[in-house]
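Okay, here's what each chain looks like letter by letter:
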Amino acid sequence: MADPKSLRNLIGWLRRRAGNRPEPSPIRNEAANRLLDRLEGLKFAPHTIVNLGSGPGEATGALAGRYGDAHVLVLEEMPDSVVGGRPRQGRALVADAARMPLAESSVDLLFSNLALQRFGELPDVLNGFRRVLRPGGLLLVSVFGPDTLSELRQDAQEAGQALALRARLDVQTVGDALIRAGFTEPVLDTDWITQTFTEPAALVDAGAAAGVLQSNADHAPLRARLEQLHGDRDEFPTTWEIVYASAWAPDEGAPIRTGGGEEASVSIAGIGRRKRP
């Protein structure tokens, strides 16, 4: 009879081989729930909500349930993120996060869970967020922090394997970027969550499912090398650092700080027209 450790490894391998759809990421679901907790106690009734880059099953139903009269739009940058499973509530759209095909000042709540690291340059993305948010609209985001997968990074270094990691953002970088983009009353905090795996390959798969490891990279050599070096270990703990941020869109005309100084931001709808006599 096979020993329990070998049996667990075999089951994990079979699960990874079966089907093309990735399993849901527990860490992403946990972060989404903690991000939703930031809405508790707010006297806020959004009419239009955008769930940006959070996947088909994360938070969309909770947002629709919390704000029953609101229109919820799921927006993804990659078609596969939507095709993998349609949201149970709301409508799905594929678009560039920095240039969303939405009218200026048309969104009351923009929610994005663990996705900013996929969207490109942070200042461009936040300026795009501010463009679509109404004055007084709420931005609620979470991102992976620098300590994420620190144990896996050390194991990969010992194994002589490179990790194709997406950008991770510290709390000061996010806070400074929000202020430069003109957002008001930013509130930021950080969680460190430890998750333990029973095989190194599962840890690698979890990093890919969470979106920290580049999805287009070949992780098979890393999984095989870690199994070879550390297959006799019973536990593989790893750290996830999650940075949460909330901020409010400013009033019309509030400046955006750019490399060239400060620029006022006024929506087209907010520009008055003088009638001819």
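This one's a predicted model, so the numbers in the text were calculated from it and none came from an experiment.

1. Quick look at the pairing of strand 7 (residues 236-248)
Consideration 1: Of all 13 residues that make up strand 7, eleven are buried, and the element is covered over most of its length.
Consideration 2: Judged from the seven bridges that link them, strand 5 (residues 133-144) and strand 7 form a sheet pairing that is antiparallel. In the sheet register, Leu138 faces strand 7, and the bridge partner there is Trp248.
Consideration 3: One ladder, built from twelve bridges, connects strand 6 (residues 184-197) with strand 7; its direction is antiparallel. Note that in strand 7 the partner of Leu188 across the bridge is Ala245.

2. Topic: the pattern of salt bridges
Consideration 1: Applying the stated rule across the entire model yields seven salt bridges.
Consideration 2: The salt bridge partner of Arg34 is Asp191, with a shortest N-O separation of 2.9 Å. Placement of the pair is Arg34 in helix 2 (residues 26-36) and Asp191 in strand 6, with a sequence separation of 157 residues.
Consideration 3: On the accessibility criterion, Arg34 (26% relative accessible area) is partly exposed.
Consideration 4: The salt bridge partner of Arg223 is Asp205, with a shortest N-O separation of 2.8 Å. With a gap of 18 residues between them, Arg223 in helix 9 (residues 220-230) and Asp205 in helix 8 (residues 200-210) connect regions that are remote in the sequence.
Consideration 5: Linked through salt bridges whose partners overlap, the residues forming this network are Glu30, Arg34 and Asp191.

3. Concerning unusual backbone geometry
Consideration 1: Even without being a glycine, Leu114 presents a positive backbone phi close to 55°.
Consideration 2: Structurally, Leu114 is set in the loop between strand 4 (107-113) and helix 5 (122-132).
Consideration 3: Take Leu114: its relative accessible area is 0%, and that puts it in the buried class.
Consideration 4: Phi angles above zero are rare outside glycine, and Leu149 is one such case at about 60°.
Consideration 5: Mapped onto the elements of the fold, Leu149 is located in the loop between strand 5 and helix 6 (150-158).

4. Section: the nonpolar core
Consideration 1: Ranked by size, the top nonpolar core spans 38 residues in total, and within it Leu39, Leu63, Leu109, Trp240 and Ile242 carry the most contacts.
Consideration 2: Not counting residues up to four positions away in its chain, the partners in contact with Trp240 are Ile27, Phe144, Thr148, Leu149, Asp191, Trp192, Ile193, Gln195, Ala206, Gly207, Ala210 and Val212.

5. Overview of the side chain of Asp108
Consideration 1: Structurally, the position occupied by Asp108 is in strand 4.
Consideration 2: Among the polar contacts listed, one links the side chain of Asp108 to the backbone nitrogen of His47, at a separation of 2.9 Å.
Consideration 3: Within the local environment of Asp108, its side chain forms a polar contact with the side chain of Arg134, the two groups lying 2.9 Å apart.
Consideration 4: Not counting chain neighbours up to four residues away, the residues in contact with Asp108 comprise Phe44, Pro46, His47, Thr48, Leu133, Arg134, Gly137 and Leu138.

6. A closer look at the packing of aromatic side chains
Consideration 1: For the structure shown, the criterion picks out three aromatic pairs.
Consideration 2: Measuring from ring centre to ring centre gives 6.5 Å for Phe44 and Tyr67, while their planes differ by 85°; the resulting arrangement is edge-to-face. Taken together, the residues span a long stretch of sequence, with Phe44 in the loop between helix 2 and strand 1 (48-52) and Tyr67 in the loop between helix 3 (60-66) and strand 2 (71-76) at a distance of 23 residues. Here the two residues Phe44 and Tyr67 agree in accessibility, since each one is buried.
Consideration 3: Where Phe44 meets Trp248, the ring centres are 5.5 Å apart and the plane angle is 85°; that geometry is what we call edge-to-face. Here Trp248 lies in strand 7 and Phe44 lies in the loop between helix 2 and strand 1, a separation of 204 residues in the sequence.

7. Some remarks on the packing of helix 8 against helix 9
Consideration 1: Two elements in contact, helix 8 and helix 9, have axes whose closest approach is 8 Å; the angle formed by their N-to-C orientations is 150°. By the angle between their directions, the pair helix 8 and helix 9 is classed as roughly antiparallel. Crossing of helix 8 over helix 9 shows right-handed handedness. Only Leu222, Arg223, Leu226 and Glu227 of helix 9 make contact with helix 8, whose side of the interface consists of Pro200, Ala201, Val204 and Asp205.
Consideration 2: Here the residues of the contact of helix 8 with helix 9 are counted per class, giving five nonpolar, no polar and three charged.

Definitions and limits used
- Residues numbered from 1 in each chain as written.
- Predicted model: local features only at pLDDT ≥ 70, side-chain atom pairs only at ≥ 80, totals over all residues.
- Heavy atoms only, no water.
- Buried < 20%, exposed > 50% of the residue type's maximum accessible area, 1.4 Å probe, protein only.
- Helix = DSSP H or I, 4+ residues; strand = E, 2+ residues; numbered from the N terminus.
- Pairing = 2+ DSSP bridges.
- Salt bridge = Lys/Arg side-chain N within 4 Å of Asp/Glu carboxyl O.
- Core = buried A, V, L, I, M, F, W, Y, C linked by side-chain atoms within 4.5 Å.
- Contact = heavy atoms within 4.5 Å.
- Polar contact = N/O pair within 3.5 Å; in protein donor to acceptor, adjacent residues only side chain to side chain.
- Phe/Tyr/Trp six-rings, centres within 6.5 Å; stacked < 30°, edge-to-face > 60°.
- Axes fitted to C-alpha atoms, helices over the stretch in contact; angles between N-to-C directions.
- Parallel < 35°, antiparallel > 145°, perpendicular 65-115°, else oblique.
- Left-handed = near helix turned anticlockwise from the far one by under 90°.
- Nonpolar A, V, L, I, M, F, W, Y, C, P; charged D, E, K, R; others polar.

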